[in-house]
Amino acid sequence: MFVVAQTPLASLRVSMGHLVFCVLVVCMWRSTACARSDVIELKDSDFDYLAPVHETLLVKFYAPWCGHCKKLVPEFESAASRLKGTVTLAKVDCTANTETCKKYGVTGYPTLKIFRTGQESASYDGPRSADGIVSHMKKHAGPDSVPLHSEYDLENFISNFDASIVGFFSGSDSSQLPEYLKGANLMRGSFRFAHTTDLQLGHKYDVKSESVLLLRPPRLNSKFEEGVVHQTGPMSITGLRRFIRDNIFGLCPHLSKENKDSLRKRDLLTAYYDLDYLRNPKGSNYWRNRVLKTASKFSSRGLLFSVANRNDFIEELEDEFGLGTSDGTELPFVTIRTRTGQKYTMREEFTRDGKSLESFLEDYFAGRLKQYTKSEPVPAKNNGPVKVVVADTFEEIVNDPEKDVLIEFYAPWCGHCKKLEPKYEELGQQLYSDPNIAIAKMDATANDVPQGYDVQGFPTIYFAPIGRKSEPKRYEGAREVKDFINFLKREASKPLVLNGVKEEL
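As the structure is a prediction and not an experimental result, all values here were calculated from the model.

## Looking at helix 5 (residues 130-138)
Here's step 1: Three or more residues of helix 5 are buried, namely A130, G132, I133, V134, H136 and M137.
Here's step 2: Structurally, helix 5 contributes buried residues whose contacts are with strand 2 (56-62), helix 3 (67-82), strand 3 (88-93) and strand 4 (111-116).

In structure tokens, the structure reads:
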């Protein structure tokens, strides 16, 4: 046996190698620790006793195969890290925890719900971006209405990116204060509330008696509208809700990822440009002032106006309106999106005198504009048992006045859609020789869904019968071939021809 004696140098090399190994292990451990999610995972076995531990909890109910769920993951993770210590974010896999998801009425993915200690769960109706989730959930943390004790408190509260609702009361025993606080509790997820029991704090804003004020964000102050609005209606929850609804947006709000769902409940014109109120407020208001000038002339026509950062919506502009970075310069893109989903784009350049915008609006209100429709290319061949429908052929195929049509709206990534595909194909084959009916499908992620078809999840199936194309009927039955056939036997305008054989009435 040979033994090799270690020299001091060899021993040092061994020690250094050991040290390097230890450092690498520590680094790898730290990297793993840093990668740990701030979103807690809840299951059927622990939901009921872990959820109440958190004062405010936002829970994402999801399915691993859901495309919308996958898209939400990085936003939800980022929001969880930023809200740590304020609001807890959690997730529940509904494919593995069916009991909890059934208990809270989860039928689509992702579903987000807010849980607060001592209160019933509430649906989350805020934005799905990290910034939006953070902003929305901060409103659910802390008091329903922030108490203000000094002029500094008041100015600090209203110096915000969002509008502020402030109640001024004569004292803590005011008979109107409880009603205001109830309203704040009901609407805190959408708006910012504060109150003071010192009427002196409102003298700067011409407050002489108990009242509620809506103060617009300082960056949006302009000569075209008042920055402070006084409530004139009754001091009740209904009156407060109506006052906020009628005044919260103003003449031309800043459309963002956080408030887009609220703004788009109305017919909305938006000018997209390099808007940045943090780094360039003066430049941002340059184009907004031109929109405001035009908006003041058309504001009574039922159209809401807004401005937005083009970079925040560039993917949407490309996907929904066919507008890309190569389409413009520093001039704004202008679009109109109605609450029913109709879309229009201003193709002329936005002139600095606002004349092109005025002309665009005159054409819009006169009904002279052509709608923009997102559509896949028309298929070169479409002779299969299931007709492929794109937006540009919807009228031709689905609204064919001589055929009943059963149409499936699907998403390529949807697990339920993939499971349905062979059954739907078999249904098409059985009815292929029927001249009075068509079985069809449309990718609702790549084509605009026409008005009258409410598609919120996948697959969604509708029946468009002969003579009633404007009143399609949603299919709510089971999804086996026999179930579809039984439905069509009841609803079809004429007897079915199954596998070449005409059914008898």
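## Topic: the packing of aromatic side chains
Here's step 1: Inspection of every chain in the model, using the stated rule, returns 25 aromatic pairs.
Here's step 2: Note on W65 and Y109: the rings are 5.9 Å apart at their centroids and 85 degrees apart in plane angle, and the pair reads as edge-to-face. Of this pair, W65 sits in the loop between strand 2 and helix 3 while Y109 sits in the loop between helix 4 (98-103) and strand 4, and the two are 44 residues apart along the sequence.
Here's step 3: Measuring from centroid to centroid gives 6.5 Å for F394 and F409, while their planes differ by 20 degrees, and the two rings are stacked. Taken together, the residues span a long stretch of sequence, with F394 in helix 13 (residues 394-397) and F409 in strand 17 (residues 404-410) at a distance of 15 residues.
Here's step 4: Of the residues examined, F394 reaches a relative accessible area of 4% and is grouped as buried.
Here's step 5: Site record: aromatic cluster; members linked through ring pairs are Y424, F463, Y475, F484 and F487.
Here's step 6: Of note, R192 hangs over the ring of F157, and the distance from its end group to the ring centre comes to 4.0 Å.
Here's step 7: The ring of F321 has K343 sitting right over it, with the charged end atom 5.6 Å from the ring centre.

## Details of helix 8 (residues 237-247)
An α-helix turns once every 3.6 residues. As a result, residues three or four positions apart point the same way.
Here's step 1: Listing the buried residues of helix 8 in full gives I237, G239, L240, F243 and I244. All buried residues of helix 8 fall inside an arc of 165 degrees around its axis, so they share one side.
Here's step 2: Structurally, helix 8 contributes buried residues whose contacts are with strand 7 (164-168), helix 7 (177-187), strand 8 (192-196), strand 9 (211-215) and strand 10 (228-230).

## Points about the pattern of salt bridges
Here's step 1: Under the defined criterion, the tally for this structure stands at 25 salt bridges.
Here's step 2: E225 is the salt-bridge partner of R216, the closest N and O atoms lying 3.8 Å from each other.
Here's step 3: Connected through shared salt-bridge partners, D319, E320, K343, K374 and D448 make up one network.

## Let's talk about the sheet that holds strand 18 (residues 437-443)
Here's step 1: Pairing in this open sheet of 5 strands is mixed, and the strands run 16-18-17-19-20 from one edge to the other. Two strands close off the open sheet at either side, each with one partner strand: strand 16 (387-388) and strand 20 (473-474).
Here's step 2: Each of strand 17, strand 18 and strand 19 (460-464) touches helix 14 (residues 415-430); the most contacted strand, strand 17, lies at about 160 degrees to it.
Here's step 3: Contacts from helix 15 (residues 481-491) reach strand 17, strand 18, strand 19 and strand 20, with the element oriented near 25 degrees to strand 19.

## Observations regarding unusual backbone geometry
Here's step 1: A cis amide bond links Y109 to the next residue, P110, at an omega of -10 degrees.
Here's step 2: Following the sequence through the fold, P110 ends up in the loop between helix 4 and strand 4.
Here's step 3: Following F458, the chain continues to P459 via a peptide bond in cis, the omega torsion being -10 degrees.
Here's step 4: Its place among the elements puts P459 in the loop between strand 18 and strand 19.
Here's step 5: Even without a glycine there, the phi angle at D206 is positive, about 65 degrees.
Here's step 6: With respect to the secondary-structure elements, D206 resides in the loop between strand 8 and strand 9.

## A short note on the sheet that holds strand 8
Here's step 1: Across the sheet, which stays open at both edges, the 5 strands sit in the order 6-8-7-9-10 with mixed pairing between neighbours. Looking along the sheet, the strands with just one partner apiece sit at the ends: strand 6 (146-147) and strand 10.
Here's step 2: Here strand 6 runs beside strand 8; their pairing, made up of 2 bridges, is parallel. By the bridge assignment, P147 is partnered in strand 8 with H195.

## Here's the deal with the confidence of the model for the protein
Here's step 1: Overall, the predicted model of the protein reaches an average pLDDT of 89, with 91% of residues at or above 70.
Here's step 2: Taken as a whole, residues 1-17 scores under 50 in pLDDT and shows 2 contacts with residues more than four places along the chain or in a different chain.
Here's step 3: In this model, residues 19-34 is a region of pLDDT below 50 whose contacts with residues beyond four sequence positions or in other chains number 1 contact.

## Side note on the nonpolar core
Here's step 1: Counting 26 residues, the largest nonpolar core has L269, F305, V334, I336, L357, F360 and L361 as its most contacted members.
Here's step 2: Counting residues per element, the ones that place at least two in this core are strand 12 (268-273), helix 10 (281-298), strand 13 (304-309), strand 14 (333-337) and helix 12 (355-365).
Here's step 3: The dominant element in this core, judged by the number of residues it contributes, is helix 10, at 5 residues.
Here's step 4: Residues in contact with F360, not counting those within four places in the same chain, are L269, V334, I336, Y344, T345, M346 and L369.

## Details of the packing of helix 7 against helix 8
Here's step 1: At a minimum axis separation of 9 Å, helix 7 and helix 8 run at an interaxial angle of 55 degrees. As judged from the angle between their axes, helix 7 and helix 8 are oblique. Between helix 7 and helix 8 the crossing geometry is right-handed. Residues E179, Y180, K182, G183, L186 and M187 of helix 7 form the contact with helix 8, whose participating residues are I237, L240, R241 and I244.
Here's step 2: Here the residues of the contact of helix 7 with helix 8 sort into 6 nonpolar, 1 polar and 3 charged.

Criteria and cut-off values
Residues numbered from 1 in each chain as written. Predicted model: local features only at pLDDT ≥ 70, side-chain atom pairs only at ≥ 80, totals over all residues. Heavy atoms only, no water. Buried < 20%, exposed > 50% of the residue type's maximum accessible area, 1.4 Å probe, protein only. Helix = DSSP H or I, 4+ residues; strand = E, 2+ residues; numbered from the N terminus. Contact = heavy atoms within 4.5 Å. Phe/Tyr/Trp six-rings, centres within 6.5 Å; stacked < 30°, edge-to-face > 60°. Lys NZ or Arg CZ within 6 Å of the ring centre and 35° of its normal. Arc of directions from axis to C-beta. Salt bridge = Lys/Arg side-chain N within 4 Å of Asp/Glu carboxyl O. Pairing = 2+ DSSP bridges. Axes fitted to C-alpha atoms, helices over the stretch in contact; angles between N-to-C directions. pLDDT = per-residue confidence, 0-100. Core = buried A, V, L, I, M, F, W, Y, C linked by side-chain atoms within 4.5 Å. Parallel < 35°, antiparallel > 145°, perpendicular 65-115°, else oblique. Left-handed = near helix turned anticlockwise from the far one by under 90°. Nonpolar A, V, L, I, M, F, W, Y, C, P; charged D, E, K, R; others polar.

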